Amino acid sequence: MSRLRIFADNAPDTPEFSSHDGDAIARELRKIGVTFERWQAAQPIAPGASPEEVMAAYRTDIDRLVAEHGFKSVDVVSIAPDNPKREEMRAKFLDEHFHKEDEVRFFVAGSGLFTLHVGDRVYEIECVKDDLIAVPDGTTHWFDMGPEPSFVAIRFFTEPDGWVGHFTGTDIARRFPRYEN
């Protein structure tokens, strides 16, 4: 189940807000320019479906986002708990960073934890199946896929190098809980 928790950036143990309600999550995130939506597949998706089959199931929403935001490429990424590079992949974006383009992800299956640092607040968003999150470029954040990552996600890109992480060098991400999916 999707969840949003909001913390003061100096109080990682005490959420000021917590909700599993999709409308409340979208409303709170909209205040900081983040989009949160829930999509439904137009057709069933079998386990192990090809990227083409996955994208076909969400074609209407994909085409809408591409038209609205000018994305130049869309792909599907899949990571399983037995991936031999899972620790390396998890570590890649665990520290606070930002990108020079929006980070837009739709979770077809599984889950992951986006944590955004905006002003003096930290927004922890657990994204699960059917959740779309769009984090505006320049927003400092970190992403945790957990120790046994398991997700299929549709990714949207404007520029080939836009998803490069620019790390802030702070230790804030280490002060907040890691994701245990």
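Description of the structure in this document. Quick caveat: nothing in here was measured; it's all calculated off a predicted structure.

Some points on the environment of Pro136
At step 1: Within the secondary structure, Pro136 is located in the loop between strand 8 (131–135) and strand 9 (140–144).
At step 2: Taking the C-alpha atoms as reference points, Pro136 and Leu4, separated by 132 residues in sequence, lie 17 Å from one another.
At step 3: In this view, Pro136 contacts Gly33, Val34 and Asp102; residues no more than four positions away in its chain are not counted.

Let's talk about helix 3 (residues 59–69)
For an α-helix, 3.6 residues make a turn, and residues three or four places apart therefore share a direction.
At step 1: Of the residues making up helix 3, those classed as buried are Asp61, Ile62 and Leu65. Viewed along the axis of helix 3, the buried residues span an arc of 100 degrees, placing them on a single side of the element. Residues of helix 3 that are exposed and angled more than 90 degrees away from the buried face: Thr60 and Ala67.
At step 2: Against helix 2 (51–57), strand 4 (73–79), strand 6 (103–118), strand 8 and strand 10 (151–157) lie the buried residues of helix 3.
At step 3: Gly70 sits one or two residues past helix 3 and shows a positive phi near 70 degrees.

Observations concerning unusual backbone geometry
At step 1: Positive phi is not limited to glycine here, since Asp130 has a value of about 80 degrees.
At step 2: Secondary-structure assignment places Asp130 in the loop between strand 7 (121–128) and strand 8.
At step 3: Residue Asp130 is classed as buried on the basis of its relative accessible area, which comes to 12%.

Here's the deal with the side chain of His97
At step 1: Secondary-structure assignment places His97 in strand 5 (residues 97–98).
At step 2: Here the side chain of His97 touches Asp95 through a polar contact of 2.8 Å, landing on its backbone oxygen.
At step 3: With near-sequence residues (within four places) excluded, His97 lies in contact with Thr139, Thr140, His141, Trp142, Phe143, Gly165, His166, Phe167 and Thr168.

A look at the side chain of Glu101
At step 1: Within the secondary structure layout, Glu101 lies in the loop between strand 5 and strand 6.
At step 2: A distance of 2.8 Å separates the side chain of Glu101 from the backbone nitrogen of Glu159, its partner in a polar contact.

Concerning the nonpolar core
At step 1: Counting residues in hydrophobic clusters, the biggest one holds 23 residues, and the most contacted among them are Leu29, Tyr123, Ile125 and Phe151.
At step 2: Within the residue set of this core, elements represented by two or more residues are strand 1 (3–8), helix 1 (22–30), strand 4, strand 6, strand 7, strand 8 and strand 10.
At step 3: If you look at the next biggest cluster of nonpolar residues, it comprises 15 residues, including Met55, Ala57, Ile154 and Phe156.

Examining the packing of aromatic side chains
At step 1: If you walk through the whole model with that rule in mind, you get 11 aromatic pairs.
At step 2: Geometrically, the ring pair formed by Trp142 and Phe176 is tilted, given 6.2 Å between the ring centres and 50 degrees between the ring planes. One end of the pair, Trp142, is in strand 9; the other, Phe176, is in the segment after helix 5 (172–175), with 34 residues separating them in the sequence. Just as Trp142 is buried, Phe176 falls in that class too.

Rules used in this analysis
Residues numbered from 1 in each chain as written. Predicted model: local features only at pLDDT ≥ 70, side-chain atom pairs only at ≥ 80, totals over all residues. Heavy atoms only, no water. Helix = DSSP H or I, 4+ residues; strand = E, 2+ residues; numbered from the N terminus. Contact = heavy atoms within 4.5 Å. Buried < 20%, exposed > 50% of the residue type's maximum accessible area, 1.4 Å probe, protein only. Arc of directions from axis to C-beta. Polar contact = N/O pair within 3.5 Å; in protein donor to acceptor, adjacent residues only side chain to side chain. Core = buried A, V, L, I, M, F, W, Y, C linked by side-chain atoms within 4.5 Å. Phe/Tyr/Trp six-rings, centres within 6.5 Å; stacked < 30°, edge-to-face > 60°.

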